[in-house]
Amino acid sequence: MPFNSALIPSTADFWQAAARHILDAHARDLSAIQVVVPTFVHAQYLKEALAEALGCAFIAPRINTISGLLAMQMPSPDAVVVSSDGARLMAMYAELRQHAWLKKLFSAQRNADLLPLAQTLLALSDELTQALLPTVHLTPQAVAQRWHSALQTLTPSGQQLLSDEAQLVWSIWQSQLDVSDARVERFAQLQRFAATAERPLIWISPVEPNSIDTAFLQTYSSYASVLRLGLDWRPGKITPVYAQAWPELHTDNSEQSNEQIIRNDLLSQQFAEIAVPSGVALCEASGLEDEAQQGAQAIINWLAEGKTSLAIVAQDRVTARRIRALLQRAQVWVADETGWKLSTTRAAAGLAAWFDVVATRAETVALFDLLKSPFMLTHLSDKSDQIMVIERALRQANVLGGWEAAQAALFKHPQERQTLKQLAQQAGTFSRRKTLAEWIAATRSTMAVLGMIGALASDAAGAQVLILLSDMAQDCEAENAADSAFHAHAFSFAEWRAFLSLRLEQTPFLAAGEDRRVVMLPLNGARLRKFDAVLLVGADARHLPSQPAESLFFANAVRRELGLVTREFLQREQLQDLTELLSVNPEVVLSWQSHRDGEPNPISPWLERLQLTLEAAGLPTLPVGRIGMAEKNLQSFSTVKPSPSAAVLAPSRLSASGYNSYLACPYQFFASRMLGLSGLDELSDMPQKRDYGDWLHQILNTYHEAIRAGSVENRDLLLGSISAQIFDQELKKNAAALGYYARWKKVIPAYLEWANLREAQGWQFVLGEEWREQPLQWDGGQIMLNGRIDRIDENAEGAFAVLDYKTSAQAVLSNRLKHGEDQQLAFYGLLLDVPVASAHYVALESTKGKIADVEAARYAQWQPALQRHIINNMQAIQQGAAMPANGIESVCQYCEVRGLCRKGAWSIDGAGA
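Owing to the predicted nature of the structure, the values given are computational and were not obtained by experimental measurement.

With 88% of its residues at a pLDDT of 70 or more, the chain shows a mean pLDDT of 85. Low pLDDT, under 50, characterises residues 157-162; the stretch is placed with seven contacts to residues that sit more than four places away or in other chains. The low-confidence segment residues 253-271 (pLDDT under 50) makes 22 contacts with residues lying over four places distant or belonging to another chain.

Okay, the packing of aromatic side chains next. For the coordinates displayed, the defined rule picks out 24 aromatic pairs. Centroid distance Phe-193 to Phe-216: 6.1 Å. Interplanar angle 15°. Geometry classified as stacked. Residue Phe-193 is located in helix α9 (residues 182-195), and its partner Phe-216 is located in helix α10 (residues 211-220); the two are separated by 23 residues in the primary sequence. Judged by its relative accessible area of 13%, Phe-193 is buried. Plain terms: the ring middles of Trp-744 and Tyr-751 are 6.3 Å apart, the flat faces sit at 55° to each other, and that makes the pair tilted. Tyr-751 carries the same exposure label as Trp-744, and that label is buried.

Take the pairing of strand β15 (residues 588-593) next. The side chains of a regular strand alternate, residue by residue, between the two faces of the sheet. Where burial is concerned, most of β15 is hidden: six out of the six residues are buried. Alternating residues of β15 divide into Val-588, Leu-590 and Trp-592 and Val-589, Ser-591 and Gln-593, and every residue in both groups is buried. Pairing geometry for strand β6 (residues 280-285) and β15, over six bridges, is parallel. Each residue of the ladder has a partner; that of Glu-284, found in β15, is Trp-592. Relative to β15, strand β14 (residues 533-537) runs parallel, the two sharing four bridges. The residue of β15 that forms the bridge with Val-537 is Ser-591.

Across the sheet, seven strands lie side by side as β8-β13-β7-β14-β15-β6-β18; this open sheet has parallel pairing. Pairing within the sheet leaves two strands with one partner each, and these edge strands are β8 (335-336) and β18 (624-625). Relative to the sheet, helix α13 (residues 288-304) contacts β6, β7 (310-314), β13 (518-521), β14, β15 and β18, its axis offset from that of β14 by approximately 175°.

Here we come to unusual backbone geometry. What you tend to see is this: most non-glycine residues have negative phi, and most peptide bonds are trans. The linkage connecting Leu-544 with the following residue, Pro-545, adopts the cis geometry, with an omega of 5°. Within the secondary structure, Pro-545 sits in the loop between β14 and α24 (556-562). One non-glycine residue with positive phi stands out, namely Gln-331, at about 65°. Here Gln-331 is to be found in the loop between α14 (317-329) and β8.

For the rest of this paragraph, the subject is the state of the cysteines. Taken as a whole and judged by the stated rule, the model has zero disulfides. Of all cysteine sulfurs in the structure, the one in Cys-665 sits closest to Cys-892, which takes part in no disulfide; the separation is 6.0 Å. Judged by its relative accessible area of 10%, Cys-892 falls in the buried class.

At a closest axis distance of 10 Å, the pairing of helix α17 (residues 383-396) and helix α19 (residues 414-428) adopts a crossing angle of 90°. The pairing of α17 with α19 is recorded here as roughly perpendicular in orientation. The segment α17 lies against α19, with Gln-386, Val-389 and Ile-390 engaging Gln-415, Glu-416, Thr-419 and Leu-420. Here the residues of the contact of α17 with α19 are counted per class, giving three nonpolar, three polar and one charged.

Once that is clear, we can look at helix α34 (residues 859-878). Count 3.6 residues to each turn of an α-helix, and residues three or four apart come out pointing the same way. Over its 20 residues, α34 runs 28 Å from end to end, which matches the ideal 28 Å to within 8%, given 1.5 Å per residue. Backbone geometry just after α34 places Gly-880 at a positive phi near 95°.

Moving on, we come to helix α20 (residues 436-449). The end-to-end C-alpha distance of α20, which contains 14 residues, comes to 20 Å, matching closely the 20 Å that a straight helix rising 1.5 Å per residue would cover. When we look at burial in α20, the residues that qualify are Leu-436, Trp-439, Ile-440, Ala-442, Thr-443, Thr-446 and Met-447. Axial view of α20: buried residues confined to an arc of 165°, hence all on one face. The first or second residue beyond α20 is Gly-451, which carries a positive phi of 70°.

Analysis parameters
Residues numbered from 1 in each chain as written. Predicted model: local features only at pLDDT ≥ 70, side-chain atom pairs only at ≥ 80, totals over all residues. Heavy atoms only, no water. pLDDT = per-residue confidence, 0-100. Contact = heavy atoms within 4.5 Å. Phe/Tyr/Trp six-rings, centres within 6.5 Å; stacked < 30°, edge-to-face > 60°. Helix = DSSP H or I, 4+ residues; strand = E, 2+ residues; numbered from the N terminus. Buried < 20%, exposed > 50% of the residue type's maximum accessible area, 1.4 Å probe, protein only. Pairing = 2+ DSSP bridges. Axes fitted to C-alpha atoms, helices over the stretch in contact; angles between N-to-C directions. Disulfide = S-S within 2.5 Å. Parallel < 35°, antiparallel > 145°, perpendicular 65-115°, else oblique. Nonpolar A, V, L, I, M, F, W, Y, C, P; charged D, E, K, R; others polar. Expected span 1.5 Å × (residues − 1). Arc of directions from axis to C-beta.

Here it is as structure tokens:
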């Protein structure tokens, strides 16, 4: 028998009206009835409304959700194991990847690209089950007829285009329609529950019941009375201004176009005088940050006014998340009912970082991300120190990736090398094809070895990641116990990673919170609920209405014939949700960004139509304004140029580059050499000029050592052979070194000519690439000078000369010495135990086919002068002299500590610390 329905207007008094309907029908004994509500939040609304209507103590009816009711039922004796969503997905994917024509049809580059297709096909299959299962249950022959009738709605060309896809969907749906399908089992449970009905049922829902729910209510009504309470969207029951602005709210005639409906209503629907909606306002923002700041301020203002039930409707999820962050900064906690994807949490990012490292074989940037994850290697007591050592070593060696190269760069750090070795061993377990159960076990084992389990368990999102893996493992065990063929399917690492990423993407993360004053929810989450005030974020054309996902297979006409959800249905349902939100809540602010990415961003067409309706009636439109930000007076402080003194940090060692740093800017020397705040080396996948210099130093030192060791008949051949050997090693690592190799080969003849000429002038190579240290003392102190000398020559008279190779042209080096830019050559002279007669820069760049060296002038006087200068400056630091930030712009432009001294922000000079 048909069940009864009572429709209630969408107003703030919905639950009071629902309570009156219930009392009118069952006033004698409320405890004898069963009430089904959409969520448990609505149960509280109903209880409060009943208490208000009765005005006395009473025994409440049994109130539950439909899922809650089914969970309380005894299992059927012939119940079967229901396949989990994950098992269904991977079983479907395993079948799809067997067909090469599918990859070609859907342009899949690899097998894993078919996973989203499998997900889409299962979702469409579930839609078909929900729409057609009652028909299958009653008359199976009617389903095929309905299917073919739906396809006939397409044009002949459309039918031809859809034939393969339609046949695929039809075949998959029929294969999925068995007792192990969760929706089939739910339908059976509902029918069993309805067949044992003893209590009158009150069904409360803001939306029409779907076909499965309708079949349940019809079966239930055969055994006990059923009353369905829903929203009344008939013309006379809607707030007049909304009914006239949005006439499609109250139409269910699918044959009539929206344009026809609107035209008819504008001509004839003058059933009531309209008025400006009270409490509704628009808030226009210039951009995302502006909208977020105004939204957060609106919430704070409402809380200050004493409002205790506020809602943020997140049409624009990005902006809503930013509002949530701003409110948390202001110590206002938001109970998020929207739930964001588990894949967006830090816990999932830690797992993704591990997969990145495995997939890239320890690509260095991915390895750094993994090591810095708060969930990784938490069992190490010195984790931070180890990470710093590893990162410095890999950056200094410019290791771009590879377990072997990374471990080789840590040869001086055995503890850190062992850590990387452990990671490499675990990465090795993620090889070969495995069953889903084996992949889950391997992942959980690795997480345990790498110290992730405890850290994840102590994090809200991390705990959900662990629960997800545990549930997946239990699903696999259930499939194996049911002797399903699913457990025999093996998958590659790429397929396992894609599957787990998909599950994390599908799983919502709901953060626990006791403070319910401010809740964030989707628009449909506000159904049948009332708040003191509501902020709707994203009231623009892009987000309101929400853009429906494009259907991969079916046009709207086919979906309509099959009873599936259509685009028009979704938009109409969303418009009803918006109307209810505006009608029920006393204060609603609708915000949007007037510009996005530099382009105008129009307001929602629904709101535009509402404004036009008000304007056509000669009424004021909805107010558009800004939410004023709270003002705060801050005390300003003048920023002074830093000029610290730190005698206790006086350096004990000094290099030529360090002293050049002091001369360039004492504050730079203080920060980098005394505090040790040096920047990390940049990783580069292209060879740098410094690499080129290192290669040439190695080549020339090897060449001159060979010349000194004995007679060489063909020096040109020797230097070419050594160069080829060094560059061949580098070319195996990076082919881009070929450009530098070609550059050097052009210089080789000029270098040999210069070197032979120098030898003819009586200078002989003594040593190269020599590390030297020499103490420099003064009364009350000393410092150790150190550095690596490129080359030392000696002539027949026993005089020594210092040579320093530079990959620059002669003119550049001449200017460098002329202007006294650095003290490197004189500093090297102080490192030697013997007097040095001269010092030269050797230009390793040819000019007009020749290279030359540039000799330092007055070198004999320069060395003692530099020595006195070093002593004076280091002694001054030891005695507490100030080290001001007085570098010139050419120095500051590339200074690593400019952000520390904050040059450009100084208001006055001073002796600040």
